[in-house]
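Chain by chain, the residues run as shown.
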Amino acid sequence: MRIFCLLILSLCCSFALAQTGQIKGNIKNVAGQPAENINLILKGTGKGTLSDADGDFEFNALAPGHYQLVGTGVGIRRIDRSVHVKADETVTLEIVSEE
């Protein structure tokens, strides 16, 4: 009986941990060119990334909730977006940044 209870508990924990979401996106400048090496952070989380040569970026394994995406880089105006992440969903952002 004890082993059965531990098995059920471990299954419940694994399902709870699996309920995360992600943010994916792309950044372009006003000319429509990819904006690479843009520093992106989710304010207050310690999570950050850089956009790649195609302007793509992503944040994985995010707990459901509200996040403030902040981006800075050479040649663009500061990016500041509010994003709501839901469990098992991907939020896709297409950002055109002013210079």
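Please refer to the structure placed before this passage.
## Some points on the overall build of the chain
Phase 1: A count of helices and strands for the chain gives 1 helix and 7 strands.
Phase 2: Taken from N to C terminus, the helices and strands of the chain fall in the order α-β-β-β-β-β-β-β.
Phase 3: Summing over all exposed atoms, the chain offers an accessible surface of approximately 6,500 Å²; the carbon and sulfur share of this is 56%.

## Some remarks on the side chain of Q22
Phase 1: For Q22, the position within the fold is in strand β1 (residues 21-29).
Phase 2: Among the polar contacts made by the side chain of Q22, one reaches the side chain of N60 at a distance of 2.3 Å.
Phase 3: Residue contacts for Q22: discarding those within four places in its chain leaves E58, F59, N60, L62, V85, E89, T90 and V91.

## Observations concerning the nonpolar core
Phase 1: Ranked by internal contacts, the top residues of the largest apolar core, which has 18 residues, are I23, I27, F57, F59, L69 and L93.
Phase 2: Taken together, the elements giving at least two residues each to this core come down to β1, β2 (39-42), β4 (56-62), β5 (65-72), β6 (79-85) and β7 (90-97).
Phase 3: If sequence neighbours within four positions are ignored, I27 has contacts with Q33, P34, A35, I38, L40, S51, G55, F57, I79 and I95.

## Considering the sheet that holds β4
Phase 1: The strand order β4-β1-β7 describes an open sheet built from 3 strands, whose pairing is mixed. Edge positions in the sheet fall to β4 and β7, since each of these pairs with one other strand and no more. Averaged over all pairs of adjacent strands, the angle between their axes in this sheet comes to 15°, without regard to strand direction.
Phase 2: Where β1 and β4 come together, 5 bridges link them in antiparallel fashion. Opposite I23, over in β4, you have F59 as the bridge partner.

## Digging into unusual backbone geometry
Phase 1: One non-glycine residue with positive phi stands out, namely N37, at about 60°.
Phase 2: Within the fold, N37 resides in the loop between β1 and β2.
Phase 3: The phi torsion at A61 lies on the positive side, around 55°, for a residue other than glycine.
Phase 4: Relative to the elements of secondary structure, A61 occurs in strand β4.

## Focus on a negative patch on the surface
Phase 1: Among the surface-exposed residues, E36, D52, D54, D56, E58 and E94 lie close enough to one another that they form a single negatively charged patch.
Phase 2: Within the secondary structure layout, E36 lies in the loop between β1 and β2.

## A few points about the sheet that holds β2
Phase 1: The strand order across the open sheet built from 4 strands is β3-β2-β5-β6, with neighbouring strands paired in antiparallel fashion. The sheet terminates laterally at β3 (47-50) and β6, the two strands that pair on one side only. Sheet twist, expressed as the mean angle between neighbouring strand axes with direction ignored, is 20°.
Phase 2: Bridge analysis of β5 against β6 gives 7 bridges, and the strand direction is antiparallel. Note on β6: the bridge partner recorded for V70 is D80.

The rules behind the values
- Residues numbered from 1 in each chain as written.
- Predicted model: local features only at pLDDT ≥ 70, side-chain atom pairs only at ≥ 80, totals over all residues.
- Heavy atoms only, no water.
- Helix = DSSP H or I, 4+ residues; strand = E, 2+ residues; numbered from the N terminus.
- Areas by Shrake-Rupley, 256 points an atom, 1.4 Å probe, with all protein chains shown as cover.
- Polar contact = N/O pair within 3.5 Å; in protein donor to acceptor, adjacent residues only side chain to side chain.
- Contact = heavy atoms within 4.5 Å.
- Core = buried A, V, L, I, M, F, W, Y, C linked by side-chain atoms within 4.5 Å.
- Buried < 20%, exposed > 50% of the residue type's maximum accessible area, 1.4 Å probe, protein only.
- Pairing = 2+ DSSP bridges.
- Axes fitted to C-alpha atoms, helices over the stretch in contact; angles between N-to-C directions.
- Patch = residues over 30% accessible without salt bridge, like charges linked within 9 Å, V, L, I, M, F, W, Y side chains within 5 Å.
- Salt bridge = Lys/Arg side-chain N within 4 Å of Asp/Glu carboxyl O.
- Lys, Arg positive; Asp, Glu negative; His and termini not counted.
- Charge placed at Lys NZ, Arg CZ, Asp CG, Glu CD.

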